[in-house]
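So you can see what is in the structure, the chains are spelled out below.
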Amino acid sequence: MIWKGSREEAEEFIKYINNNQYNLEFTSKISSIEIEFLDLVLYIDGSNKISVRNFRKATDKNGFLHATSGHLPRWKENIPSGQFRRIRRNCTDINNYMQEAEIMSNKFLQKGYEKSRIEEAKQRGLEYDRSKLLEDKGNKVSSKHNDNGSLNYNLLGYQFCQWFFQLLNSQNSSSGEKRDDWGPQHFWENSVFKIQNKTNGHIEEYNDPIVISMRLLALVKEEKVLFHPQLDPSGLKCAMNSHEMVVVTVAGTVQKNNDCLGIFEQIFGLIRCPLSNKWKIQFCNLNILGSGTSVQHQPSIKYQTEELKMFFN
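Throughout what follows, the structure given in this document is the object of discussion. (Residues numbered from 1 in each chain as written. Predicted model: local features only at pLDDT ≥ 70, side-chain atom pairs only at ≥ 80, totals over all residues. Heavy atoms only, no water.)

Attention now moves to the environment of glycine 157. Within the secondary structure, glycine 157 sits in helix 6 (residues 153-169). If we ignore the near neighbours within four places in the chain, the residues touching glycine 157 are Leu236, Cys238 and Val248. (Helix = DSSP H or I, 4+ residues; strand = E, 2+ residues; numbered from the N terminus. Contact = heavy atoms within 4.5 Å.)

Here we take up the pattern of salt bridges. Per the stated rule, a full pass over the model turns up 13 salt bridges. One salt bridge in this structure joins glutamate 102 and lysine 122, with 3.1 Å as the shortest N-O distance. Pair noted here: glutamate 102 is in helix 3 (residues 94-110) and lysine 122 is in helix 4 (residues 115-127), with a separation of 20 residues, a long-range link. The residue arginine 215 makes a salt bridge to glutamate 223 at a minimum N-O spacing of 3.1 Å. (Salt bridge = Lys/Arg side-chain N within 4 Å of Asp/Glu carboxyl O.)

Moving on, we come to the layout of surface pockets. Taken as a whole, the second largest pocket encloses approximately 750 Å³ of empty space. When contributions to the lining of the second largest pocket are tallied by element, the ones reaching two or more residues are strand 3 (50-54), helix 2 (73-90), helix 5 (130-133), strand 4 (187-197) and helix 7 (209-221). Here the lining of the second largest pocket takes 6 residues from helix 2, the largest share from any one element. Residues of the lining of the second largest pocket, tallied by class, amount to 15 nonpolar, 8 polar and 12 charged. (1 Å grid on protein atoms, 1.4 Å probe; cavity = no way out; pocket = protein on both sides within 12 Å on 5 of 7 lines; lining within 4 Å. Points joined across faces, edges and corners; volume = space filled by probe spheres on them. Nonpolar A, V, L, I, M, F, W, Y, C, P; charged D, E, K, R; others polar.)

This part covers helix 4. Compared with the 18 Å implied by 1.5 Å per residue over 13 residues, the 18 Å span of helix 4 between its first and last C-alpha is a close match. Among all positions in helix 4, only Ile118, Ala121, Lys122 and Gly125 are buried. One side of helix 4 holds all its buried residues, which, seen down the axis, span an arc of 100°. (Expected span 1.5 Å × (residues − 1). Buried < 20%, exposed > 50% of the residue type's maximum accessible area, 1.4 Å probe, protein only. Arc of directions from axis to C-beta.)

This next bit is on the nonpolar core. Phe84, Phe164, Leu216, Phe227 and Phe268 are the most contacted members of the largest nonpolar core, which totals 51 residues. Once residues lying within four places of it in the same chain are set aside, the contact partners of phenylalanine 268 are Phe160, Phe164, Phe165, Val246, Val247, Val248, Val250, Ile281, Phe283, Cys284 and Phe312. Counting 7 residues, the second largest nonpolar core, distinct from the first, contains Ala239, Met245, Val247 and Phe311. (Core = buried A, V, L, I, M, F, W, Y, C linked by side-chain atoms within 4.5 Å.)

The next point concerns the packing of aromatic side chains. Aromatic ring pairs: the centre-centre distance and the angle between the two ring planes describe each pair. Under the defined criterion, the tally for this structure stands at 16 aromatic pairs. On the numbers, 5.2 Å between centres and 75° between planes, the contact of phenylalanine 108 with tyrosine 113 is edge-to-face. For tyrosine 113, a relative accessible area of 11% translates into the label buried. Taken together through their ring pairs, the aromatic side chains of Phe160, Trp163, Phe164, Phe165, Trp182, Phe187, Phe227, Phe264 and Phe268 make up a single cluster. For arginine 53, the ring lying beneath its charged end belongs to tyrosine 43, and the centroid distance is 5.1 Å. In this structure, lysine 280 is placed above the aromatic ring of tryptophan 188, and the distance from its NZ or CZ to the ring centre is 4.7 Å. (Phe/Tyr/Trp six-rings, centres within 6.5 Å; stacked < 30°, edge-to-face > 60°. Lys NZ or Arg CZ within 6 Å of the ring centre and 35° of its normal.)

A few words now on the pairing of strand 8 (residues 246-256). Burial analysis of strand 8 places 9 of its 11 residues in the buried class, the great majority of the element. Note that strand 6 (residues 225-229) and strand 8 share 5 bridges and pair antiparallel. In the sheet register, leucine 226 faces strand 8, and the bridge partner there is glutamine 255. Direction of pairing for strand 7 (residues 236-240) relative to strand 8: antiparallel, over a ladder of 5 bridges. Paired with cysteine 238 across the two strands is valine 248, which belongs to strand 8. As consecutive antiparallel partners, strand 7 and strand 8 are separated by 5 residues, and within that stretch glutamate 244 has a phi angle of approximately 60°, a positive value. (Pairing = 2+ DSSP bridges.)

Here it is as structure tokens:
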């Protein structure tokens, strides 16, 4: 929040909203110099304008995949370039990018990546046109509001699912759709993706936007799966939780070639980006009822609104 009054008035405002009947408490940090938000530091630069640089928590660990891990080689090859692209997008000042790029380079060296590949990715990051990186080409889902100004999260969820599944399915050559711009830009830096096959109980979990986007891509591009969401009131339900995260849950069928593999249920946690006003994926849980499940009824969501509000809280 950009507060145009005095610091004292801002503190009084925080006290006022914390005095509520819902037992909600809003924590706050107030500064006239800089403030952290998600993976950014917003600060006042020498021209008295708001600029941004990359933010890392004091407890930040080196969680990148090791170069010798058993993941697909192209997954690992894309990780450095994606990370340098991210910090270039996060840094208004090129000098801040260079500082962050040096830290990032050391992290990849510690994980066994070749220095030449790191330097190549670092240089590409330096050459990016930052204004182009901020365009957010793929996600066209922006905030939708009711007549009274409140967020229409049902319409948002419907349009998000239309966009997401059309984009994901377009990566499958058998879909007949024009292949659009799929990638990690649609996920927050600390996003989490869980996939569970309830037929065999297998569970996977990923917490890096590049790896998450590559795993979803592998489902449709390599495993040749197509998702057909049921975008009516029985197959799509949405809610907003206490953290202003929009929770979207959708059910549908999974197809491979001409065979129906079963039913899927996917739950998304969406957070709005204040810079672009676009909604990005913070959490994503995918449950697949595989070939052992006969589809004898229309896929539907059983959760009630209050149950959805508790997801990802």
